[in-house]
Amino acid sequence: MRGVIVFGLVCVAAIVVAMREMGRRESTRDPAAIVREPAPEWTGSEVCGECHKEIYDRWSLSTHARATRPFQQEHSARPFDGEVFVTREIEMRLGPGGFMECDGPGGEMGRYEVDWVLGARRIQMFTTRGENGAIQVLPVFVEVPKQRWFDYAEFIFGGPNLLDIPPDSPNTWYGPLRNFNRRCGACHVTNFAANYDPEQGTFASTWSELVIGCEACHGAGGSHVDKWRNLTDEPEPLIDLALLPPDRANQNCGFCHSESVVVRPGFKPGDDLFAFNEINALEDAVRSKPDGRANGLFHNLILVMEAKCGELSCMECHDPHGGGIPGDLYRELEWDGLCTKCHGDLMADIAAHTFHRGDSPGSRCVNCHLAPVVIEAGRGTVRDHTISTPSPR
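Source: prediction; values computed, not measured.

Peer 1: Just give me the short version of the pairing of strand 15 (residues 372-375), but keep the residues and values in it.
Peer 2: Burial along strand 15 is one-sided: the face carrying Val373 and Ile375 is buried and the face carrying Pro372 and Val374 is not. Here four bridges tie strand 15 to strand 16 (residues 380-383), and the two strands are oriented antiparallel to one another. The residue bridging Val373 from the neighbouring strand is Val382, located in strand 16.

Right, here's the structure in full:
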């Protein structure tokens, strides 16, 4: 948080100036044109798919593969067809085509090109790029299950009428708190570097792949590809993540699935994440209750570390390559098999354990031990990964 505050003070003016200029003109940019070519050591997921086709095909349908995509109408849960959305007494127009008309710097209305679509399951957000390279998250989101437009202020602050957002506030969509380069990029694309120049007030951000690709979890794959294409005797350069101890495997996921700030760049699979990131733990009173259980979208690294089920790996339940099941689970959420691997004795008389009929929702393990937590101002739920024992006390 300290880094975010300092960052905001340094670059808010530059972002505002660039977004004001962009809102005054129409752009003919191709959204795909801002995707950089892979660096030589970073091969891209398609190269991985040449040998690992079955995994690649599953991954291509996963949440990771859909985290960030160039804007296309079919990627948005609701069409950009020129519809007018009114919020905070402001008329915002979505389209037609890849544009959003909304309030900009100084409160002036502008027409901003939509470059990327973020997310696919619960909430979708849209980005635009300023002349100084700042990538900003636009103010109108989509609630995917209901295909409904809504105001980002409602998403973040509980309702558009609960917070006055003056044009010079850092909470504006064009302010530093809605800046993708600094706050989102490291976990929404692969090998992202913000590259902010404080003297010029510009970003020269780079990345190797506009998705959460294979190398986002496994690391740069160039040496691995060279070894197996040329059948050399060099040692395998990539770590088999399945062979890591649970704590280090979870930390690999936790680089993104935790509330944290990078304080030392260079984290690689197998490293101790706590040597690189400052991680918000259970003292975060906004996101956690006094007993350590989740109170909102906390992400899950710390919660899994506190889990009552011993050393569990995220990959016991989740397939990072995807499988077509929400949450990229190996099996449906209500399937008890993951728990009964260790707790099979309870299934002999599950009703005696749960005090519910054995075939009822009350006897499904997740409904008590991974209780749902409402997040995103009521627009979704996640599961409490402390895997606690429910108690009325």
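Peer 1: Lay out the side chain of Ser258 in plain terms, naming residues and giving numbers.
Peer 2: Summarising the element assignment, Ser258 is placed in the loop between helix 9 (246-254) and strand 13 (260-262). Here Gly254 takes part through its backbone oxygen, which lies 2.5 Å from a polar atom of the side chain of Ser258. One polar contact links Ser258 to Ser260, side chain to side chain, over a distance of 3.4 Å. When near neighbours in sequence (up to four residues on either side) are disregarded, Ser258 contacts Ile279, Phe298, His299 and Leu301.

Peer 1: Would you mind going over the environment of Leu273 in detail, with residue names and values included?
Peer 2: Structurally, the position occupied by Leu273 is in the loop between strand 13 and strand 14 (277-279). Leu273 sits 26 residues away from Asp247 along the chain, and the two C-alpha atoms are 9.9 Å apart. Apart from the residues lying within four places of it in its own chain, the contact partners of Leu273 are Gln251, Gly254, Phe255, Phe267, Ile279 and Leu301.

Peer 1: Could you give an account of the nonpolar core, with specific residues and numbers?
Peer 2: Among the nonpolar cores identified, the biggest contains 36 residues, and Phe80, Met100, Phe126, Leu138, Phe141 and Trp149 are the most heavily contacted of them. When contributions to this core are tallied by element, the ones reaching two or more residues are strand 3 (90-94), strand 4 (99-103), strand 6 (116-118), strand 7 (123-129), strand 8 (135-137), strand 9 (140-143), strand 10 (148-151) and helix 4 (152-157). Setting aside residues up to four positions removed in sequence, Leu138 forms contacts with Met100, Cys102, Tyr112, Val114, Phe126, Thr127, Thr128 and Trp173. Core analysis: the next-biggest nonpolar cluster, separate from the first, contains eight residues, Phe298, Leu301, Ile302 and Leu303 among them.

About the thresholds
- Residues numbered from 1 in each chain as written.
- Predicted model: local features only at pLDDT ≥ 70, side-chain atom pairs only at ≥ 80, totals over all residues.
- Heavy atoms only, no water.
- Buried < 20%, exposed > 50% of the residue type's maximum accessible area, 1.4 Å probe, protein only.
- Helix = DSSP H or I, 4+ residues; strand = E, 2+ residues; numbered from the N terminus.
- Pairing = 2+ DSSP bridges.
- Polar contact = N/O pair within 3.5 Å; in protein donor to acceptor, adjacent residues only side chain to side chain.
- Contact = heavy atoms within 4.5 Å.
- Core = buried A, V, L, I, M, F, W, Y, C linked by side-chain atoms within 4.5 Å.

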